[in-house]
Amino acid sequence: MNDHRLFTALDLAGTFAFAISGAVAARDRGLDWFGVPVIAFTVACGGGVVRDLCIGAVPPAGLTDWRYLAVAMVAALMTIAATRLVVRLAHPVILFDSIGLGLFAVTGAQKAMIFGHNAEVAVLLGVVTAVGGGMVRDVLLNRVPVILQREIYASAALVGATIEVFGERIGWMSSARTWTALGACFALRYLSLRYKWHLPRSSVPEDNGPN
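Computed from a predicted structure; not experimentally measured.

Visitor: Would you mind going over the overall build of the protein chain with me for this structure?
Guide: Counting secondary structure elements, the protein chain contains 9 helices and 0 strands. Counted over contacts in the protein chain with a minimum sequence separation of 6, partners at least 24 positions apart contribute 75%.

What follows is the structure, encoded as structure tokens:
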């Protein structure tokens, strides 16, 4: 019961964080008061919907549990009504996107394990849950998805999901492994942005012309 409550609390917290991220990005793109909530909800629940469809948890919780819609709408309305408060946060999209990434990497892996899937599937779906909403946001806002750029994004989610899954396999206490996994994912993502860490880029051979 306690594990279930922790999962639900983390999932809703991730929904709120990603909804703020989506709403701020939509606001910065000049979307209207309808567009901002739409993007907020899509970002907040997109990855979770894909995860639930993959593991057979249908209909997806993001579409049937009113709490997910309510949390996303509250986040969107806060962004619209309290713009100055949101702007005061340093780099709000980066901050909330990093928080949501860690939360969803952990809860995505947890839910896959709850439904009886193996470690590999749980890690993969943890990553999908974490990056899915951000990809949808970037596509809808006509931006190159972050996951396709050099930024440490999916790899941070991979670290968090891996700690959660293999911590569970070796019997690590649930609360300790969950917060460790969440913190590792958030720290790697946030620090990589702060200090401009990037993944190496594949080199393109120079064309020296015909010999």
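That covers the picture; the talk isn't over yet.
Visitor: Please clarify how the nonpolar core should be interpreted in this entry.
Guide: For soluble globular proteins, nonpolar side chains are generally found buried alongside one another. Leu-101, Ala-130, Val-131 and Ala-157 are the most contacted members of the largest nonpolar core, which has 37 residues in total. Elements that contribute at least two residues to this core include exactly α1 (2-28), α2 (35-55), α4 (66-81), α6 (92-114), α7 (119-140) and α8 (154-169). The element that contributes the greatest number of residues to this core is α1, accounting for 9 residues. Residues in contact with Leu-101, not counting those within four places in the same chain, are Phe-18, Ala-130, Val-131, Tyr-153, Ala-156, Ala-157, Cys-185 and Arg-189. Counting 11 residues, the second-largest nonpolar core is a separate cluster that includes Ala-57, Ala-109, Ala-119 and Leu-125.

Visitor: Help me out: how do you make sense of a nonpolar patch on the surface in this one?
Guide: On the surface, a nonpolar cluster with roughly 360 Å² of combined accessible area is contributed by Ile-170, Trp-172 and Met-173. Mapped onto the elements, Trp-172 comes out in the loop between α8 and α9 (174-194). Judged by relative accessible area, which is 35%, Trp-172 ranks as partly exposed.

Visitor: Mind showing me how you'd approach unusual backbone geometry here?
Guide: Generally, phi is negative for residues other than glycine and the peptide bonds are trans, each holding for most cases. With omega at -10 degrees, the peptide bond leading from Val-58 into Pro-59 counts as cis. Tracing the backbone through its elements, the reader meets Pro-59 in the loop between α2 and α3 (61-64). Phi is positive for Lys-196, close to 60 degrees, though the residue is something other than glycine. Within the secondary structure, Lys-196 sits in the segment after α9.

Visitor: Is there a simple way to think about the packing of α2 against α7 in this case?
Guide: Between two packed helices, what matters for the description is the angle formed by their axes and the separation of those axes. Close contact between α2 and α7 brings their axes to 8 Å; oriented N to C, the two are set at 140 degrees. If you check the angle between α2 and α7, you find them oblique. The two elements α2 and α7 meet at a crossing, and its hand is right-handed. Across from Ile-39, Thr-42, Val-43, Gly-47, Gly-48, Val-50, Arg-51, Cys-54 and Ile-55 in α2, the residues of α7 making contact are Leu-125, Val-128, Thr-129, Gly-132, Gly-133, Gly-134, Val-136, Arg-137 and Leu-140.

Visitor: What's the story with the environment of Gly-116 in this structure? I'm lost.
Guide: Here Gly-116 lies in the loop between α6 and α7. Spatially, the C-alpha atoms of Gly-116 and Ile-55 are 9.1 Å apart, while their sequence positions differ by 61 residues.

Visitor: Help me understand the pattern of salt bridges, please; the structure alone is not making it clear to me.
Guide: Two side chains that carry opposite charge are able to pair once their charged atoms sit near each other. Scanning all chains against the criterion turns up 8 salt bridges. A salt bridge links Asp-52 to Lys-111; the shortest N-O distance between them is 3.1 Å. Of this pair, Asp-52 sits in helix α2 while Lys-111 sits in helix α6, and the two are 59 residues apart along the sequence. With a relative accessible area of 0%, Asp-52 lands in the buried category. We classify Lys-111 as buried; its relative accessible area is 11%.

Visitor: Please clarify how the packing of α7 against α8 should be interpreted in this entry.
Guide: Between α7 and α8, the least distance of the axes is 8 Å, while the angle of their chain directions is 140 degrees. α7 and α8 meet at a crossing whose hand is right-handed. Together, Ala-119, Ala-122, Val-123, Gly-126, Val-127, Ala-130 and Val-131 of α7 and Ala-154, Ala-157, Leu-158, Ala-161, Thr-162, Val-165, Phe-166 and Arg-169 of α8 make up the contact between the two elements. The residue inventory of the contact of α7 with α8, partitioned by class, reads 12 nonpolar, 2 polar and 1 charged.

The rules behind each value
- Residues numbered from 1 in each chain as written.
- Predicted model: local features only at pLDDT ≥ 70, side-chain atom pairs only at ≥ 80, totals over all residues.
- Heavy atoms only, no water.
- Helix = DSSP H or I, 4+ residues; strand = E, 2+ residues; numbered from the N terminus.
- Contact = heavy atoms within 4.5 Å.
- Core = buried A, V, L, I, M, F, W, Y, C linked by side-chain atoms within 4.5 Å.
- Buried < 20%, exposed > 50% of the residue type's maximum accessible area, 1.4 Å probe, protein only.
- Patch = residues over 30% accessible without salt bridge, like charges linked within 9 Å, V, L, I, M, F, W, Y side chains within 5 Å.
- Areas by Shrake-Rupley, 256 points an atom, 1.4 Å probe, with all protein chains shown as cover.
- Salt bridge = Lys/Arg side-chain N within 4 Å of Asp/Glu carboxyl O.
- Axes fitted to C-alpha atoms, helices over the stretch in contact; angles between N-to-C directions.
- Parallel < 35°, antiparallel > 145°, perpendicular 65-115°, else oblique.
- Left-handed = near helix turned anticlockwise from the far one by under 90°.
- Nonpolar A, V, L, I, M, F, W, Y, C, P; charged D, E, K, R; others polar.

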